[in-house]
Amino acid sequence: MVDEPVVLLVDDDPHVLSALRRGLRREKVTIQTARNAREALERLAEGTIALVISDYCMPGMSGVELLTMIRSDWPSTKRMLLSGWTDEIPAAELNAADLFGMLSKPWDDMELRTTLRRAVGLAND
Amino acid sequence: MIGRCERTHAIGYSVWPLLVHVLGYSPDRWIRLQEWLRIAMHKNKILEAESPLGVIRIVVIVPGQGAGRSDEAELPPMAVETTAGLARLGDPVELLRAQSPDALRLLCADSSIDLVLLDRLDIADMVDLLSEIQATGPPSVVIVSDGAEEESLEAFRAGASDCVYFGPEFERVLPLVLLEQVRGWRVHRQKRVSDQRIQQLEGLYAAIVTEMPTGMVVLDPGGLIVAENAEFSRMFPPQNSGPAAASEFLVARIPIALSERIEKESVSHSGTDSSRAPAEVVRVEEVEGETRVYEIRRRAIEEGARRIFLISDVTESEWLTDRLDVARRETRDIIENINSALIVVDLAGRISFANPAAERILAGEDGALSDGVSGRQIADWFAAEDEDSNPIEACLENGTRSRGAETLLLRADGKWIPIGLSCSPRLDAQGVSHGVVAVFQDLSEIKELEQQVRQTEKMASIGQLAAGVAHEVNNPMGFIHANLHQMSEYLGDLNKYFEATDRLHQVAMEGDLEVIRAAADDVRVLAREIDLDYVRADFEKALLESSEGADRIRHIVKDLRDFSRADLPARTPADLNQALDSTANIVFTMMKHRVEFEKDYGELPKIAAYPMQIKQVFMNLLVNAYQAIESRGTDEPGVIRLETSSVDDEVVIRIIDSGLGIAEDDLPHIFEPFFTTKPVGAGTGLGLSTSFSIVERHGGRILVESEVGRGATFEVRLPLVGPGPDEAAGR
């Protein structure tokens, strides 16, 4: 279990976090969650995170801002955005975050798992 | 002497000089003959048949009263016989005494003096005084001593009208001579006055004929011009100047078309018809293609021997009349064809004119009014809003003009419609009102469009929340969708487990312990494999979470639907705290990540309002507040403070944001339609203008206070008692 890659899920809606965790329960990754950008940065500071999947719309700091910050501070951590309204986000912001992938809400569990496995370097079954 | 002959009918002295000189007739004999004749005529009552003369004014001069004497008191008395003779005149006599030749001259200039009587003066004085009596003055009668032939001859030579001998018949002869002279003088005087009158009239007529702006020409029966006035000469100048001009034929002077007409008319009008013919209008094409118009009047005079023509050139006045006609027609065409309704109202409040557009509106959909519009009272149509009189009545009463006043009109078909009305008094040149002119338009369609705009704006304000709506719907949709997927996986696992337990149950019935143990092992392994405890716990959790997510979506949809709904047609008692709070909740739901709400609601009485419209106002102000906070560009959440209170007879709602604030230059324009500071697509520019008109319709107002960088405060004040029931106009 110690060797499993750590995936950090960031969303201000606990039900979203719980549904994501539910969908990923059989993946060979360790799931951590954060309710906002501040909590997420705390988790990152605590230990190596392979992938961050963040919501866009959050109080305080937006998901893109968080991921852009992670890109500069933890460049090896992969970044994914999970948002309901991706059209509205300026392209320049998205480029700055240099995302591994983008998923829109409502998401498809299979797609989520496939993208996640590619991100953390696990073979798809 | 000839002059004297003209002025009297007495044959005596008119023939006398001839008789004296040609026939050698003695004046003595002549005078005596005359005296005898007069007495004889008097006896035959010939003279008495004459009418009374009234007061006879006689100037009497007696001897010793020469030049230089001026003292009236010392005037010598008249001879008793002379006085007796004057007393026999029968008519009252006024005696005047001339004190000097100058005085005599002055008296003789007075036309009321009838006669001068010189009583036995010495010859030199007599001749002097007679010369003072002007040739045109009153007659003079000289009394000489009986038989003084030389003196009488001198008197006649000096211009005396007659002489009387101071002889035996003196008292009888004197009044007869005097009466004859006075009568003759009076007849002459009267003739002179009437001669003057005739002269004056002739001058007057000549001046009129010369100066009148109408050409006048007199023709003889052959058509030759006998006389013409200056205007005629000006209108139709003579062909050949000089004395021959007067004898031209009329046909040679005037245009052919005109003369043809005159000749033709002459045939049809009998020459002896002296009654005044009506004016005829003749059009004459001139060489330059210009048409001149003449008006001709004719009259036969001197029993048809001559004809007078009066000719006026009325081309200009005809042209003016035409222009006036054209202008009138144009005005009428405009008034009848404009889409605006126009009515004229008299001082009694009756419609005296209505154009077709006005009749259409007043009649309504049932078509024409059976008894027309004119003469009907405006009160039949125009509403008196509340207790105030309608704009037309106000204008009738005190001349108040209205521009675009919104009021109501009751059509003949019984339907109230909103109209925009302008009216002003009809003032004459003295500024006195003769009624009112009113122009109005049916605003039904505009009101309907306004309502559509309002609804559209409302939807647009929701549109600005679209990102928030999407987010708030997508989150629950996201996890519900994922959970459903997961739960179907759970169900698959559980079905496998239930199959294993079913088999265990089956083998347990058969009683083979080994088989039972193996089946129980399978069940235990499967339970571990599918993580049964977790699945059992999480299945329920996933269900609860999903159902909560579904609730969230249901709320959002309900809020939006409630907000988008149109108002009821009538005002309803509205709880403004509730209206503000539910609207704020929508905004909060959509925008909760950036905004904190502070609420300080006071107790508010319900007010009669259109709650959906009021909510639209709140939504506009809240979205603006939210966007103002967004545009600050900082991460810390902004604050929107909501305060409500009831002050005096008003309800006050304050929406205070900590946003960017409004630039001072923009502040005066924020309520103008299409004014926006938002990027293209982010706002309609109608939010605040719509809000303003909604609040105005409720009889309230919106106040704003802002400082750049510190935020803005919008204050909505609504009266507890709304404006009257303006249902039709307010919708």
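Residues numbered from 1 in each chain as written. Chains lettered and ligands numbered in written order. Predicted model: local features only at pLDDT ≥ 70, side-chain atom pairs only at ≥ 80, totals over all residues. Heavy atoms only, no water.

Novice: For this particular structure, what's the right way to read the overall build of chain A?
Specialist: For chain A, the count of helices and strands is five helices and five strands. Mapped from its N terminus to its C terminus, chain A presents α and β elements in the order β-α-β-α-β-α-β-α-β-α. For chain A, buried positions account for 51% of its 125 residues. Summarising the internal contacts of chain A: among those between residues at least 6 apart in sequence, 61% fall at separations of at least 24. Accessible surface, chain A as shown: approximately 5700 Å² in total, 51% of it carbon and sulfur. (Helix = DSSP H or I, 4+ residues; strand = E, 2+ residues; numbered from the N terminus. Buried < 20%, exposed > 50% of the residue type's maximum accessible area, 1.4 Å probe, protein only. Contact = heavy atoms within 4.5 Å. Areas by Shrake-Rupley, 256 points an atom, 1.4 Å probe, with all protein chains shown as cover.)

Novice: Please clarify how the overall build of chain B should be interpreted in this entry.
Specialist: Secondary structure summary: chain B contains 22 helices and 22 strands in total. Put simply, chain B has 731 residues, and 41% of those count as buried. Surface summary for chain B: the accessible area is close to 38800 Å², and the carbon and sulfur share equals 54%.

Novice: What should I look at first to understand a nonpolar patch on the surface in this one?
Specialist: On the surface, Leu201, Leu204, Tyr205 and Ile208 of chain B cluster together into a nonpolar patch covering about 380 Å² of accessible area. Take Ile208 of chain B: it is sitting in helix α8 (residues 170–211). (Patch = residues over 30% accessible without salt bridge, like charges linked within 9 Å, V, L, I, M, F, W, Y side chains within 5 Å. Salt bridge = Lys/Arg side-chain N within 4 Å of Asp/Glu carboxyl O.)

Novice: Would you take a moment to explain the packing of aromatic side chains for this structure?
Specialist: Any pair of aromatic rings gets described here by the distance separating the centres and the angle formed by the planes. Residue and element names in this part refer to chain B. Using the criterion set out here, one finds eight aromatic pairs over all chains in the structure. Judged by centre distance (6.2 Å) and plane angle (55°), the rings of Tyr497 and Phe498 are tilted. For Tyr497, a relative accessible area of 16% corresponds to the buried category. Phe498 sits in the partly exposed class, given a relative accessible area of 43%. Measuring from ring centre to ring centre gives 5.0 Å for Phe671 and Phe692, while their planes differ by 45°; the resulting arrangement is tilted. With a gap of 21 residues between them, Phe671 in the loop between β20 (650–657) and α21 (687–697) and Phe692 in helix α21 connect regions that are remote in the sequence. (Phe/Tyr/Trp six-rings, centres within 6.5 Å; stacked < 30°, edge-to-face > 60°.)

Novice: Got a minute to help me understand the interface of chain A and chain B in this structure?
Specialist: Think of interface size as the accessible area that goes away when the parts come together; that is how it is often given. At the interface, 25 residues of chain A touch 29 residues of chain B. Inspection of the chain A/chain B interface yields six salt bridges. For Glu489 of chain B, the salt bridge identified is with Arg113 of chain A, shortest N-O distance 3.3 Å. For the pair chain A and chain B, the interface holds 10 residue pairs in polar contact (both at pLDDT 80 or more). Counting residues per element, the side of chain A that touches chain B draws most heavily on helix α1 (residues 14–23) of chain A, which supplies six residues. Looking at side-chain class alone, the side of chain A that touches chain B contains eight nonpolar, five polar and 12 charged residues. (Polar contact = N/O pair within 3.5 Å; in protein donor to acceptor, adjacent residues only side chain to side chain. Nonpolar A, V, L, I, M, F, W, Y, C, P; charged D, E, K, R; others polar.)

Novice: Explain the sheet that holds strand β6 (residues 215–219) of chain B here, please?
Specialist: Pairing between the strands of a sheet comes from backbone hydrogen bonds, and it takes one of two forms, parallel or antiparallel. Residues and elements named next belong to chain B. Taken in spatial order, the five strands make up an open sheet running β7-β6-β10-β9-β8, and their pairing is antiparallel. With one partner strand each, in any of the chains shown, β7 (225–228) and β8 (280–285) form the two edges of the open sheet. For this sheet, the mean inter-axis angle between neighbouring strands, taken without regard to orientation, is 30°. In the sheet, strand β9 (residues 291–301) pairs with strand β10 (residues 306–313) via eight bridges, with the strands oriented antiparallel. Following the sheet pairing, Ala300 is matched in β10 by Arg307. (Pairing = 2+ DSSP bridges. Axes fitted to C-alpha atoms, helices over the stretch in contact; angles between N-to-C directions.)

Novice: Please clarify how the sheet that holds strand β11 (residues 341–345) of chain B should be interpreted in this entry.
Specialist: Residue and element names in this part refer to chain B. Here we have five strands laid out as an open sheet, ordered β12-β11-β15-β14-β13, and antiparallel in their pairing. A strand with exactly one partner marks an edge of an open sheet, and here the two such strands are β12 (351–354) and β13 (402–410). The average angle at which neighbouring strand axes cross in this sheet is 30°, direction not considered. Inspection of the sheet shows β13 paired to strand β14 (residues 416–427) by seven bridges, in the antiparallel sense. Within β14, the position partnered with Leu410 by the bridge is Trp416.

Novice: Explain the pattern of salt bridges to me, please; I cannot follow it from the model alone.
Specialist: Oppositely charged side chains can pair when the atoms bearing their charge come close. For the structure on display, the rule yields 51 salt bridges over all chains. Put simply, Glu46 of chain A and Arg43 of chain A hold a salt bridge, and the shortest N to O gap is 3.4 Å. A residue pair is termed a helical-turn pair when its members lie 3 or 4 positions apart in one helix, as Glu46 of chain A and Arg43 of chain A do in helix α2 (residues 37–46) at three residues. Among the charged side chains, a salt-bridge network with shared partners connects Glu598, Asp600, Arg641, Glu643, Glu650, Arg654, Arg701, Glu715 and Arg717 of chain B.

Novice: Looking at this structure, I do not really get the confidence of the model for chain B. What am I missing?
Specialist: One rule of thumb: low pLDDT means the predicted coordinates there are not for detailed reading. All names here are of chain B. Residues with a pLDDT of 70 or more make up 85% of chain B, whose mean pLDDT is 81. Averaged pLDDT values over the elements of chain B bottom out at 36 in helix α1 (residues 2–7) and peak at 93 in β20. Taken as a whole, residues 1–15 scores under 50 in pLDDT and shows 34 contacts with residues more than four places along the chain or in a different chain. For residues 270–274, every residue scores under 50 in pLDDT, and the model assigns this stretch seven contacts once sequence neighbours within four places are set aside. (pLDDT = per-residue confidence, 0-100.)

Novice: In this structure, what is going on with the packing of helix α15 (residues 444–463) of chain B against helix α20 (residues 611–630) of chain B? I would like to understand it.
Specialist: For any two helices packed against each other, the geometry comes down to the angle between their axes and how far apart the axes lie. Residues and elements named next belong to chain B. Put simply, α15 and α20 touch, their axes get as near as 10 Å, and they point 40° apart. In terms of axis orientation, α15 runs oblique to α20. For the crossing formed where α15 meets α20, the hand is left-handed. Facing α15, whose interface residues are Arg454, Glu457, Lys458 and Ser461, α20 presents Met612, Gln613, Gln616, Met619, Asn620 and Val623. Split by residue class, the contact of α15 with α20 holds three nonpolar, four polar and three charged. (Parallel < 35°, antiparallel > 145°, perpendicular 65-115°, else oblique. Left-handed = near helix turned anticlockwise from the far one by under 90°.)

Novice: Would you mind showing me how to read unusual backbone geometry here?
Specialist: The peptide bond linking Lys105 of chain A to Pro106 of chain A adopts the cis configuration, its omega dihedral lying at -10°. Structurally, the position occupied by Pro106 of chain A is in the loop between β5 (101–104) and α5 (109–120). You will see that Asp531 of chain B, though not glycine, has its phi angle at about 60°, which is positive. Structurally, Asp531 of chain B can be placed in the loop between α17 (513–529) and α18 (532–564). Classification of Asp531 of chain B as partly exposed rests on a relative accessible area of 36%.

Novice: What is the right way to read the environment of Leu106 of chain B from this model?
Specialist: Residue and element names in this part refer to chain B. Its location among the elements puts Leu106 in helix α5 (residues 101–109). Given a relative accessible area of 66%, Leu106 falls into the exposed group. Residues Leu106 and Ile133 lie 27 residues apart in sequence; the distance between their C-alpha atoms is 9.3 Å.

Novice: Help me understand the confidence of the model for chain A, please; the structure alone is not making it clear to me.
Specialist: On average, residues of chain A score 88 in pLDDT, and 94% of them reach the 70 mark or higher. Confidence, read as mean pLDDT per element, is least for helix α4 (residues 91–97) of chain A in chain A (84) and greatest for strand β1 (residues 6–10) of chain A (96).

Novice: Got a minute to help me understand the side chain of Asn390 of chain B in this structure?
Specialist: All names here are of chain B. Among the secondary structure elements, Asn390 is positioned in the loop between α13 (356–363) and α14 (391–398). We classify Asn390 as buried; its relative accessible area is 3%. Here the side chain of Asn390 touches Glu393 through a polar contact of 3.0 Å, landing on its backbone nitrogen.

Novice: Sorry if this is basic, but what is going on with the environment of Phe249 of chain B here?
Specialist: Residue and element names in this part refer to chain B. Relative to the helices and strands, Phe249 is located in the loop between α9 (230–235) and α10 (250–253). For Phe249, a relative accessible area of 45% puts it in the partly exposed group. C-alpha separation for the pair Phe249 and Val226, spaced 23 residues apart in sequence, amounts to 9.2 Å. Contacts of Phe249, omitting those with residues within four sequence positions, involve Gly222, Gly223, Leu224 and Ile225.

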